[in-house]
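Architecture and fold: a report
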Amino acid sequence: MKLKRDARTLKLKAIASLRRGLEVFNGYDEQGRTESVLLHLQHCSELLTKALLVQKSKPVFDKERGTSISLDKALNIATASGYITATQAGSVRSINAMRDAAQHWMIVVAEDALYLNARALITVVDEILQLHFDDSLADNLPTRVMPLSSQPITDFDLLIDREYKQISELLAPKKRARDEARARIRTLLAMEAHASETVSISERDIDRIERAIKSATAIENVFPRLMTLASDVAGEGPTMKVRFTKKEGPPVRYVAGDDPEAAAAIREVDLRKKYYISPQDLAGKLNLSTSRCKALRDFLGIDNAPENVMVFEFGSQKHPRYSDNALRVLRENNTPETLAQAWLERPNGKKQ
């Protein structure tokens, strides 16, 4: 496959960061190991995602600022375009959230949690290389450098339950381990990115969850999104593949950042990241006029599904914003036949 120059350079730098991250993961030095692994793996995933967008002729620079777009924006474009799946994006977002916490404050990641998330990201990197670059990790590095662990792989449910109990013990009176407990809470919040495209972490989240754990609230009421996840491990040794999958779980409620209830740490600010496409931008992405785009939205019932649209209210003004899911559904149905039928069935359409 012939790669564009920038795509080739970005891909090579992504693999270089991955190699460095694996070297640190398998190294003997524990000082700063977790942070270094997260930094290198996040850098790898960001550059590879942007290499993919460049190869597909998608924009990777913000026109107003003149700077490269964020990893979150790059993932939104890649998933909306169908280049990567939501599950793959979740593995990248989880590493990114952990890296963010490690770089800007502090985080404690259990060894098996670090291992599972690292292997999940490596699986995603290999899948992207094979599907979009006619390449593979096996062609770029020896299998002996893959992350190694002397511990048996922990069942995901057991891992989360163990971490929750350990945080509770660290927060016990006279334990004097609050900083470590809060650092472990950040890891659990970051791992929720496997189940949601809108995860970020604030101290208000940490405060709320700390209060919930101290009051002995059940884990499913504090981290409902984690309860919808499971780890799927296939193969063994260097050829192991790790993927995070969704299972049936309790519903997730969206709450304000200062909500006193012990609910999951999902804030209103997250909604603006998930629902970020205006009606005009939506029409532009589909190469349709706003009126024809609305006709297609009405025909498909886009505005009736909460996973597609959110109306933000600012005083007397209401601003609908759409998600990547809405864009994906509209793209899949943006055919001449469907569009003609939608235009015909719009209100008063048959009379015009």
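This text goes with the structure placed above it.
Residues numbered from 1 in each chain as written. Predicted model: local features only at pLDDT ≥ 70, side-chain atom pairs only at ≥ 80, totals over all residues. Heavy atoms only, no water.

**Regarding the overall build of the protein**
- On a plain count of helices and strands, the protein comes out with 14 helices and four strands.
- Relative to its full complement of 352 residues, the protein shows a buried share of 49%.
- Contacts spanning at least 24 positions in sequence make up 68% of the contacts within the protein whose residues lie at least 6 apart.
- Element-wise, carbon and sulfur atoms account for 49% of the exposed surface of the protein, whose accessible area totals about 18000 Å². (Helix = DSSP H or I, 4+ residues; strand = E, 2+ residues; numbered from the N terminus. Buried < 20%, exposed > 50% of the residue type's maximum accessible area, 1.4 Å probe, protein only. Contact = heavy atoms within 4.5 Å. Areas by Shrake-Rupley, 256 points an atom, 1.4 Å probe, with all protein chains shown as cover.)

**Some details on the side chain of arginine 33**
- Residue position: arginine 33 is located in helix 2 (residues 33-55).
- The buried category is assigned to arginine 33, whose relative accessible area is 5%.
- Separated by 3.0 Å, the side chain of arginine 33 and the backbone oxygen of phenylalanine 25 make a polar contact.
- Among residues more than four places away in sequence, those in contact with arginine 33 are Val24, Phe25, Glu111 and Leu114. (Polar contact = N/O pair within 3.5 Å; in protein donor to acceptor, adjacent residues only side chain to side chain.)

**Focus: the side chain of arginine 346**
- Mapped onto the secondary structure, arginine 346 falls in the segment after helix 14 (336-345).
- Within the local environment of arginine 346, its side chain forms a polar contact with the backbone oxygen of tryptophan 343, the two atoms lying 2.4 Å apart.

**Brief notes about the environment of alanine 177**
- By the secondary structure assignment, alanine 177 is in the loop between helix 6 (156-170) and helix 7 (178-191).
- Look at alanine 177 and you get buried, because its relative accessible area is 16%.
- Spatially, the C-alpha atom of alanine 177 lies 9.2 Å from that of isoleucine 167, the residues being ten residues apart in sequence.

**Here's the deal with helix 8 (residues 203-214)**
- With twelve residues, helix 8 should cover 16 Å at 1.5 Å per step; its first-to-last C-alpha distance of 16 Å lies within 8% of that length.
- Regarding helix 8, the residues found buried are Asp205, Ile206, Arg208, Ile209, Glu210, Ala212 and Ile213.
- Its buried side turned inward, helix 8 meets helix 6, helix 7 and helix 9 (219-222). (Expected span 1.5 Å × (residues − 1).)

**Notes on the packing of helix 12 (residues 290-300) against helix 13 (residues 324-333)**
- Close contact between helix 12 and helix 13 brings their axes to 11 Å; oriented N to C, the two are set at 100°. The angle between the axes of helix 12 and helix 13 places the two elements in the roughly perpendicular class. The segment helix 12 lies against helix 13, with Leu296, Arg297 and Leu300 engaging Val329, Leu330 and Asn333.
- Here the contact of helix 12 with helix 13 is composed, by residue class, of four nonpolar, one polar and one charged. (Axes fitted to C-alpha atoms, helices over the stretch in contact; angles between N-to-C directions. Parallel < 35°, antiparallel > 145°, perpendicular 65-115°, else oblique. Nonpolar A, V, L, I, M, F, W, Y, C, P; charged D, E, K, R; others polar.)

**Let's talk about the packing of helix 12 against helix 14**
- Packing of helix 12 against helix 14 brings their axes to within 8 Å, and their N-to-C directions diverge by 90°. On the basis of the axis angle, helix 12 is roughly perpendicular to helix 14. Along its contact with helix 12, which presents Ser291, Arg292, Ala295, Leu296 and Phe299, the element helix 14 presents Thr338, Leu339, Gln341, Ala342, Trp343 and Glu345.

**Looking at the pairing of strand 3 (residues 309-314)**
- The sheet contact formed by strand 3 and strand 4 (residues 317-322) spans six bridges and is antiparallel. Looking across to strand 4, one finds that valine 309 is bridged to tyrosine 322.
- From the end of strand 3 to the start of strand 4, which pair antiparallel, there are two residues, and glycine 315 there has a positive phi angle of about 70°. (Pairing = 2+ DSSP bridges.)

**Some remarks on the nonpolar core**
- Membership of the largest hydrophobic core comes to 80 residues, with the highest contact counts inside it found for Ile160, Phe223 and Leu226.
- At twelve residues, the largest contribution of residues to this core is made by helix 5 (residues 111-132).
- When sequence neighbours within four positions are dropped, the list of residues in contact with leucine 226 reads Phe156, Ile160, Leu188, Met191 and Glu192.
- Counting residues in each nonpolar core, the second largest holds 17 residues, with Ala80, Leu288, Leu296 and Val329 among its members. (Core = buried A, V, L, I, M, F, W, Y, C linked by side-chain atoms within 4.5 Å.)

Any functional reading would require information beyond the geometric quantities listed.
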